[in-house]
Amino acid sequence: MILALRLRRLLLSTLLGAASASAQTFVWTGLTDGNWATASNWDVGAPTGGATTVVRFNTATTLATTNNLGGGLTLNQLSFGADAGARTVDGNALTFAGTTPTVSSQATAGHVTVNAPLVLPTTLTVVGGPLETAQLFLYGAASGAGGFTINSGIVVLGGSGSTYTGETRVQTGAQLGGARTGALGASSALVVESGGHFQVIRSNSTTLTSIDRPLTLAGLLSSASKMVDFFDTPITPTFYSGAITLSGAAEIKAFGATGPGFDAVALEVSGAIGRAGHTLTLSTGGANNTVRLTNTAAISGDGGLTLRPDGGTLILGGNVSGNGNVTVTGSGGSITMAALGGDGELNVGFGSLGAIGIGGVVSGARNVAVSSGTLTLANAANTFTGSISLSDTGRIIIPNENALGHAANTLTFTHGGQLQFTGAGNLTRAITTTGGTAALVFNANSRTVSSHITGTGGVALNNFFNQSITTLTGNNTFAGGLSIGGNVIVSFSTDANLGAAGGTLQLAGGSLSLPTGYTLSRAVEITAAHGNISGNTGAAHTIAGNLTGDGRLTLGGATTYTLSGTNTHAGGIALAGNVGNPTVLQIGRAHV
């Protein structure tokens, strides 16, 4: 691509050189003052207007200049050479005419600024500055039926009173900035080609910039402007309100923040976005950078959607509809989405600290997979159909099971994964766990888990809040063991509820409530968080499985327990009965 850009720029330079060979060319010397009308400031006298007139600045003499020619100047080319310096052009209007009218800057020692008004009867081709530190600023108001084609380099349009109506096009490899509200005038459209870049720029620390032109986007739309000071309060500095239609893979990005508050960066987009079969990426450059799509910036049409906050914030206030995969990636950050419709995949994998929340309904045929980070499905009326997969450090947070969509949607845990409930309700759908432990995390509400749980992996039950009862009723065959964490009391009726026969039972701060007459033949590990076993009043239970681990085992209830296993656990046994309702421990051949 670099070679192609160089060839295109060389071709443009060759054409311009050929055109100027037969044109009347005026080269600035700046020997007297900064006025264009002073003949001694030019190599052949003051410029005369015409459709072939070429004006060139090749040296850094008298950098501040003024076009004080009566009635302005009609010209074909305005160029600034590599040694032209950081100069300014003020004064009367510059009217561009003739074949391929052009403004170009090769200056490397600072920005070139043209404050003079620009009259565009036809499209003006612009070759921008070659460096971030040597850009071309076109700050004069632009008028006429023409527009701008940004061929290469870096250009900033800042004419707040512009009224031109032609197309504004940013070609591959070029970058255009809109530095003031209205800088694009009444341009019929802004077109950003693949590899092109349009950036919304605040003009100063107290002024917002809003661009409202229709945008055809196959490149990058961005902002790197820091917050505006509004009565000592930082507010969003840059806005894009025009409708956006993708013509290729495109990206919307905020970057450049150096801290919170006034050092943060934010870009707000309020125009509707149509993907038209292409992939849209929303991204940031890290912490304290925000891309905000308002509720009017709905994303529609088929196409992919990639969300990459990389530590920053993405806010999708409008609904996302249309078929296509949604991919959440990067190195963490925060994402909120209004609602998600259409068919495709939802794949979440963007670091253990990343979080995406979907507040509205998720619908359509959509498989959901979370391998890292947290997906919150906040709506209890989701209707999507498809598989739900959790793996490694991935987590899904739901208010209740209805948030997981259609009742036939299965849950698969691979090498870990966590499903967390924030509200009440039972869990009924089929679950498979392989290669690790599936974590089910509840709140203080008691519930029944009737799911049929299968696979080679284990299951861990946890509760982050007050103690509650989880009743297992499924005919479960998972082989990796059951772990019962803090604040969880597990109730069951048959041994099959606890998984495959012979599977280990781990007490990691939780409790196991035994059904009447039940013999616990499974191996039991008591972790340092300790564990509890309780039975019904008057019942008798045999604990035949071996007891291992470092924690204390507490036996509770007005119940008789017989230990018959070979026990090696180091934490001892406590009896939790009381006077009149004693807990009785009988020791068989085992040692405690």
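For clarity, every value in this text was computed on a predicted model and none was experimentally measured.

## Remarks on the overall build of the protein
The secondary structure content of the protein amounts to 1 helix and 63 strands. Compactness check: the protein gives a C-alpha radius of gyration of 35 Å against a globular reference of 25 Å for 592 residues, more than 25% above the reference. Here the C-alpha coordinates of the protein stretch approximately 115 × 45 × 40 Å along the principal axes. The proportion of buried residues among the 592 residues of the protein is 50%. For the protein, the share of sequence-separated contacts (at least 6 apart) that also reach a separation of at least 24 residues comes to 41%.

## Some remarks on the sheet that holds strand β57 (residues 531–534)
Backbone-to-backbone hydrogen bonds join strands into a sheet, with any given pair of strands oriented parallel or antiparallel. With parallel pairing, the 7 strands of this open sheet are ordered in space as β47-β50-β52-β54-β57-β60-β62. Lying at the two open borders of the sheet, with one neighbouring strand each, are β47 (447–449) and β62 (573–575). Taken pair by pair, the neighbouring strands of this sheet meet at an average axis angle of 25°, ignoring direction. Looking at chain direction, β47 and strand β50 (residues 468–472) are connected through 3 bridges and run parallel. Each residue of the ladder has a partner; that of valine 449, found in β50, is leucine 472.

## Quick look at the packing of aromatic side chains
Inspection of the entire model under this criterion finds 12 aromatic pairs. A ring pair is formed by tryptophan 36 and tryptophan 42, whose centres lie 5.7 Å apart and whose planes are at 85°; its orientation type is edge-to-face. Residues tryptophan 36 and tryptophan 42 agree in their burial class; the two are buried. With centroids separated by 4.9 Å and ring planes inclined at 80°, the aromatic side chains of phenylalanine 230 and phenylalanine 231 adopt a geometry described as edge-to-face. On the basis of relative accessibility, which here comes to 72%, the residue phenylalanine 231 falls in the exposed class. Connected via pairs of aromatic rings, a cluster forms that spans Trp28, Trp36, Trp42, Phe57 and Phe80.

## Remarks on the sheet that holds strand β58 (residues 540–543)
One open sheet holds the 4 strands; their spatial order is β55-β58-β61-β63, and the pairing between them is parallel. Edge strands, defined here as strands with exactly one partner in the open sheet, are β55 (519–520) and β63 (584–587). Bridge count for strand β61 (residues 560–563) against β63 is 4 bridges, and the pairing is parallel. Bridge assignment links tyrosine 561 to a residue of β63, and that residue is leucine 585.

## Comments concerning the pattern of salt bridges
What the rule picks out here adds up to 9 salt bridges. Salt-bridge contacts for glutamate 268 lead to arginine 292; the nearest nitrogen and oxygen are separated by 3.6 Å. Linking glutamate 268 in strand β28 (residues 265–269) with arginine 292 in strand β31 (residues 289–293), this pair joins segments that are 24 residues apart in sequence. With a closest N to O distance of 3.0 Å, arginine 429 and glutamate 401 form a salt bridge. Remark: glutamate 401 occurs in the loop between β42 (395–398) and β43 (411–414) and arginine 429 occurs in the loop between β44 (418–421) and β45 (431–434); sequence separation between them is 28 residues.

## Some thoughts on the pairing of strand β11 (residues 124–127)
Taking every second residue as pointing to the same face, both faces of β11 are buried, with Leu124 and Val126 on one and Thr125 and Val127 on the other. Sheet topology note: the strand β8 (residues 102–105)/β11 ladder contains 3 bridges and is parallel. Counterpart to serine 104 in the pairing with β11 is valine 127. The pairing of β11 with strand β14 (residues 148–152) spans 4 bridges and is classified as parallel. Across the sheet, valine 127 pairs through a bridge with serine 152, a residue of β14.

## Re the side chain of threonine 65
Inspection of the secondary structure puts threonine 65 in strand β3 (residues 64–67). Classification of threonine 65 as buried rests on a relative accessible area of 1%. Among the polar contacts made by the side chain of threonine 65, one reaches the main-chain carbonyl oxygen of threonine 88 at a distance of 2.8 Å. Excluding residues that lie within four positions of it along the chain, threonine 65 makes contacts with Trp28, Gly34, Trp36, Phe57, Arg87, Thr88, Val89 and Asp90.

## Structural notes on the environment of alanine 218
When you line up the elements, alanine 218 lands in the loop between β21 (215–217) and β22 (220–223). By relative accessible area, alanine 218 is classed as buried at 8%. Not counting residues up to four positions away in its chain, the partners in contact with alanine 218 are Val192, Glu193, Ser194, Gly195, Ser247, Gly248, Ala249 and Ala250.

## Structural notes on unusual backbone geometry
Positive phi, close to 65°, is recorded for aspartate 232, a residue that is not glycine. Looking at the element boundaries, aspartate 232 is found in the loop between β23 (228–230) and β24 (233–235). Given a relative accessible area of 65%, aspartate 232 falls into the exposed group. A positive phi is found at asparagine 487, a non-glycine position, where the angle reads about 70°.

## Details of the environment of leucine 482
Looking at the secondary structure, you find leucine 482 in strand β51 (residues 482–485). For the pair leucine 482 and glycine 457, spaced 25 residues apart in sequence, the C-alpha to C-alpha distance is 9.5 Å. Dropping the residues within four chain positions of it, leucine 482 is found in contact with Val459, Leu461, Leu472, Leu498, Thr504, Leu505 and Gln506.

## Some details on the pairing of β31
The element β31 is extensively covered by neighbouring structure, given that 4 of its 5 residues are classed as buried. Where β28 meets β31, 5 bridges bridge the pair, whose relative direction is parallel. Residue pairing in the sheet places alanine 266 in a bridge with threonine 290 of β31. Two elements, β31 and strand β34 (residues 313–316), share 4 bridges in a ladder whose sense is parallel. The partner of threonine 290 across the bridge, within β34, is threonine 313.

## Some points on the confidence of the model for the protein
Looking at the protein, pLDDT values average 94 and 95% of them are 70 or higher. Segment residues 1–7 is flagged for pLDDT under 50; beyond a separation of four residues in sequence, or across chains, it makes 3 contacts in the model.

Rules used throughout
- Residues numbered from 1 in each chain as written.
- Predicted model: local features only at pLDDT ≥ 70, side-chain atom pairs only at ≥ 80, totals over all residues.
- Heavy atoms only, no water.
- Helix = DSSP H or I, 4+ residues; strand = E, 2+ residues; numbered from the N terminus.
- Rg over C-alpha atoms; globule rule 2.2 N^0.38 Å.
- Buried < 20%, exposed > 50% of the residue type's maximum accessible area, 1.4 Å probe, protein only.
- Contact = heavy atoms within 4.5 Å.
- Pairing = 2+ DSSP bridges.
- Axes fitted to C-alpha atoms, helices over the stretch in contact; angles between N-to-C directions.
- Phe/Tyr/Trp six-rings, centres within 6.5 Å; stacked < 30°, edge-to-face > 60°.
- Salt bridge = Lys/Arg side-chain N within 4 Å of Asp/Glu carboxyl O.
- Polar contact = N/O pair within 3.5 Å; in protein donor to acceptor, adjacent residues only side chain to side chain.
- pLDDT = per-residue confidence, 0-100.

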